[in-house]
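Listed here are the chains, written in short residue letters.
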Amino acid sequence: MFYKKWSRMGRYAALLSSMFFLSGCARHSPWWIFDPKGVGARASYNYMMIDVAVMLGIVGLTAIMIVWFMVRYRKGGGTGKYDGKWSHSMTIEIFTWGIPIAAVAFLSWAVAINGSFAVNPYNPTVITKTMKPKGDPIDVDVIATDWQWLFIYPQFHHMAVANELVVPAHTPVFFKLTSTAVTTDFFVPQLVGMIDVMPGMRTKDVLEANPLGTYQGIAADYCGAGTSWMLFKTKVVSMSDFKRWAQTTESQPRTMNYHQFNTFANPYINVHFKTPTYGHVEPGLFNHVILEVMNGKKWPLPMFMTENMYAYLQKQAKEHRA
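None of the values given here were measured: they were computed from a predicted structure.

Undergrad: Mind showing me how you'd approach the sheet that holds strand S9 (residues 213-219) here?
TA: Adjacent strands of a sheet pair through backbone hydrogen bonds, lying either parallel or antiparallel. Spatially, S4-S10-S9-S6-S7 is the arrangement adopted by the five strands of the open sheet, whose pairing is mixed. Each of the sheet's edge strands pairs with one partner strand only, and the pair in question is strand S4 (164-168) and strand S7 (192-197). Strand-to-strand twist across the sheet, computed as the mean angle between neighbouring axes with direction ignored, equals 20 degrees. Both S9 and strand S10 (residues 231-237) contribute to a ladder of six bridges, which runs antiparallel. Looking at S10, one finds that Gly213 is bridged to Val236. Packed onto the sheet, helix H5 (residues 239-250) meets S4 and S10 and runs at close to 135 degrees relative to S4.

Undergrad: Help me understand the side chain of Asp146, please; the structure alone is not making it clear to me.
TA: With respect to the element layout, Asp146 can be found in the loop between strand S1 (138-144) and strand S2 (149-153). At 10.0 Å, Lys298 is the nearest oppositely charged side chain to Asp146, a buried residue that forms no salt bridge. With near-sequence residues (within four places) excluded, Asp146 lies in contact with Thr180, Ala181, Cys223, Ala265, Asn266, Pro267 and Tyr268.

Undergrad: What should I look at first to understand the environment of Thr184 in this one?
TA: Relative to the helices and strands, Thr184 resides in strand S6 (residues 184-188). For the pair Thr184 and Val197, spaced 13 residues apart in sequence, the C-alpha separation works out to 5.3 Å. Leave out the neighbours within four places in its chain, and Thr184 touches Ala144, Trp149, Ile195, Asp196, Val197, Ala219, Ala220, Asp221, Cys223 and Met230. At 3.3 Å, the side chain of Thr184 forms a polar contact with the backbone oxygen of Asp221.

Rules behind the numbers
- Residues numbered from 1 in each chain as written.
- Predicted model: local features only at pLDDT ≥ 70, side-chain atom pairs only at ≥ 80, totals over all residues.
- Heavy atoms only, no water.
- Pairing = 2+ DSSP bridges.
- Helix = DSSP H or I, 4+ residues; strand = E, 2+ residues; numbered from the N terminus.
- Axes fitted to C-alpha atoms, helices over the stretch in contact; angles between N-to-C directions.
- Contact = heavy atoms within 4.5 Å.
- Buried < 20%, exposed > 50% of the residue type's maximum accessible area, 1.4 Å probe, protein only.
- Lys, Arg positive; Asp, Glu negative; His and termini not counted.
- Salt bridge = Lys/Arg side-chain N within 4 Å of Asp/Glu carboxyl O.
- Polar contact = N/O pair within 3.5 Å; in protein donor to acceptor, adjacent residues only side chain to side chain.

And the structure:
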């Protein structure tokens, strides 16, 4: 019986450990935030670790004191002395009030104040304070639909890419974001913090990444049937490679005006992770979409999509939609 019990516990432990290691292979890994590669993500991680360290210090000290009291004042074998007239201790008052006050004051200054300005998505000082006066940041307009992402580069002939973001390393990238449907979250865990993307509204975020590589971007808030496939790769490349990529993309014959965007914005589950490129997008499309949504524009969700999702995906695959 004893052997069977520990054997069963061993299997559970092995299962949990395998889940820990395999989670890094998943498209949505909870461990990404512990491996930041972007300037803003690194700052967020550092402030989080400061918060955790202070809280663990308080919890750890409390646990040690509990054990110490249990041993020192245990009945029959403790070394502590009982004083029936005891009523107050200034030392205990200093510890019980002083440590929490000092912790709250430190966290208020280090995390709440400095951290809020450092990683404020509209103006993160951890990025903007090191920008060169005549630097050349990249602007990207982001439109979230059901269930795709469209990234527009206004500085590069208004070219656009769907479901893939390409940015140069060591260069601040300023995002403007909106949605055509429900609220979701734009999130590249290793590069930039989470920000709401809302219909009829414009939010902002800033990214700067130094290590070259490909990182996973996700829709971090549930927004319907296609949320699990609402992903985008974020490629961080050198400036020379980015310029070559931009020239190639600008030369693409496919374009997009507002009428064509209406087709793109119809609900679509991108199960094959297609990344169509557009050499030119109608200037002002981002603002046009915001105004249309504010005036009640909808891209209806077919009832068939949610009633029989498998059949809908088969139907969608036959359409050969780019």
